[in-house]
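# Structural features, examined
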Amino acid sequence: MEQLGIEPTLLLAQIINFSIIVFVLTRLLYKPILGILEKRKKEIEESLARAEKLKREEEKFKQKGEKLLDEARREGRKILEEAKKQGKLAEKEIIAEAHNEASDIVKKGKTEVVRMEEEMEKGVRQQAVTLAIAMAKRLLTAVLSEKDQHRVISEQLKELEKVVE
Amino acid sequence: MPHISLAAEKIGILFGFPISNSLLTTWLVMGILALFSLLATRNLSLVPSPIQSVAELVVGGLYSFFSGVAGKSHIRLFFPLIASLFLFIIIANWFGLLPGVGTVGFFRHEEFVPILRGATADLNTTLALAVTAVVAIQYFGFKTVGSHYTMRFVNLKNPISFFLGILEIISEVSKIVSFAFRLFGNIFAGEVLLTVIAFLVPFIVPLPFLMLEIFVGFIQALVFSMLTAVFLNVAVSHGGGESHG
């Protein structure tokens with residue numbers, strides 16, 4: 001033992017030294033480093049999970065947006081078609097109304113024309129009667145006596161009245 | 001002739017306590033390790049500083065390596081011991097290769113006394129490591145398996161088990177010896193080899209041997225810590241295997 005250099009005091013000192021090393025390195029090196037490694041691992045896992053989640057959400061939103069867009073497009077087309085249909089319907093109605101009105105106007109015009117014709121005829125007849133009376137008066141004064149005149153006139157008037165009616 | 005001494009030389013005596021040159025080196029190595037740890041973990045952050053990433057590389061690498069050797073279930077318990085063994089041995093081994101270690105010294109009674117000597121080139125150090133490792137193995141075995149762990153050494157069930165127990169005791173003692181002498185022998189032999197080669201051909205030729213010694217220093221640290229891990233694994237799984245069997 002002597003020749004190998006083994007001495008109990010030195011041996012004990014080295015055992016204590018190594019124990020100190022274990023203690024110090026555990027406190028100063030292993031615990032903090034392993035802790036931070038674990039922390040980083042967790043952090044990375046969490047961020048990866050978060051990224052995955054965000055990606056999935058984004059995709060969902062994209063799909064949703066596309067769906068919405070599709071729906072909007074379809075609705076727009078529907079509205080347009082309805083508007084066209086309504087327009088056509090309105091057109092037809094307006095045309096029909098116009099036709100009606102036109103025929104009404106025509107009808108009214110026709111009746112008016114008939115009425116005016118009648119009136120004119122009446123007037124013409126009356127005028128013809130007065131004209132005839134005046135002519136007869138002049139002719140009769142030259143030919144007939146007063147008495148005959150009265151008789152003829154009244155006879156003629158009676159006849160004329162029949163015609164006028 | 002170059003100076004070669006199997007035992008570490010004493011530099012002096014402090015308060016009646018002998019101070020050997022390898023003890024001095026041990027303190028230096030301890031200082032280096034502590035300083036490195038302090039610097040590496042001073043400002044811990046998720047985005048590591050260069051020295052922190054070195055520490056992460058070393059500690060994380062050792063952790064994953066030894067969890068493969070010692071099993072994932074107990075590595076948290078074992079890691080401080082195994083990693084400290086590895087780090088201390090490798091730094092001590094490499095420190096012994098630095099220029100000036102073993103060559104700078106003084107003469108006392110016509111005898112050369114180097115101020116520094118590789119810490120692991122002293123049997124006191126390696127024996128201390130071996131004793132600590134083997135005691136720790138028994139401690140962890142007892143702690144995880146319970147009182148059942150003593151059955152490994154003292155088993156009165158049948159003569160065969162009793163005899164096996166005696167063999168186990170011998171094997172534990174021989175572990176101390178083999179641990180201590182393997183490390184000491186390799187490192188001391190390396191230093192002697194380097195001294196002799198440097199004495200014969202001072203330039204160029206020692207270089208390959210120096211490289212070899214760097215490699216040996218790493219391998220010895222690895223062997224020491226890995227064997228400890230394996231023995232620890234055996235110790236904590238011993239009682240389990242017994243009760244199942």
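Counting restarts for each chain: residues are numbered from 1 in the order of the written sequence. Ligands are numbered from 1 and chains lettered from A, in the order in which they are written. The predicted nature of this model means local features are confined to residues of pLDDT at least 70 and side-chain atom pairs, given and counted, to a pLDDT of 80 or more, with totals for whole chains, interfaces and linings taken over all residues. Computation of side-chain values: all heavy atoms of the structure, hydrogens and water removed.

### Side note on the overall build of chain A
Scanning chain A for helices and strands turns up 2 helices and 0 strands. Here chain A has a C-alpha radius of gyration of 64 Å; the compact-globule value for 165 residues is 15 Å, and the former is much larger. Oriented by its inertia axes, the alpha-carbon framework of chain A measures out at about 205 × 20 × 15 Å. Here the term buried applies to any residue with accessible area under 20% of the maximum for its type, exposed to any over 50%, and partly exposed to those in between, with areas from a 1.4 Å probe on protein chains only. With 165 residues in all, chain A has 14% of them scored as buried. Under the DSSP-based scheme used, a helix requires at least four consecutive residues in state H or I and a strand at least two consecutive residues in state E, with every element numbered from the N terminus. Our radius of gyration looks at C-alpha atoms and nothing else; its globule reference is 2.2 Å times the residue count to the power 0.38.

### Re the interface of chain B and chain A
Taken together, the contacts link 46 residues of chain B with 30 residues of chain A. Values labelled buried area give the accessible surface lost by two parts on being combined, using a 1.4 Å probe and summing over both. Summed over both partners, the interface of chain B with chain A comes to about 3,500 Å²; 76% of that surface belongs to carbon and sulfur atoms. Of all residues in chain B, L46(B), E56(B) and N124(B) bury the most surface against chain A, accounting for 18% of the area lost on that side. We define a salt bridge as a contact between a side-chain nitrogen of Lys or Arg and a carboxyl oxygen of Asp or Glu at a distance within 4 Å. Here chain B and chain A share 2 salt bridges between them. For the purposes of these results, a polar contact is taken to be a pair of N or O atoms within 3.5 Å, where, inside protein, one atom must be able to donate a hydrogen and its partner to accept one; residues adjacent in sequence count only when each atom of the pair is a side-chain atom. Viewed at the interface, chain A and chain B are joined by 8 residue pairs in polar contact (both at pLDDT 80 or more). For the side of chain B that touches chain A, the elements supplying multiple residues, two or more each, are strand 2 (17–20), helix 1 (21–40), helix 2 (50–70), helix 3 (75–95) and helix 4 (123–145) of chain B. Among the elements that line the side of chain B that touches chain A, the one with the most residues is helix 1 of chain B, at 10 residues. Under the scheme applied here, ten amino acids are nonpolar (Ala, Val, Leu, Ile, Met, Phe, Trp, Tyr, Cys and Pro), four are charged (Asp, Glu, Lys and Arg), and all others, including Gly, are polar. In the side of chain B that touches chain A, the residues fall into 30 nonpolar, 12 polar and 4 charged. Any two residues having at least one pair of non-hydrogen atoms within 4.5 Å are treated as being in contact.

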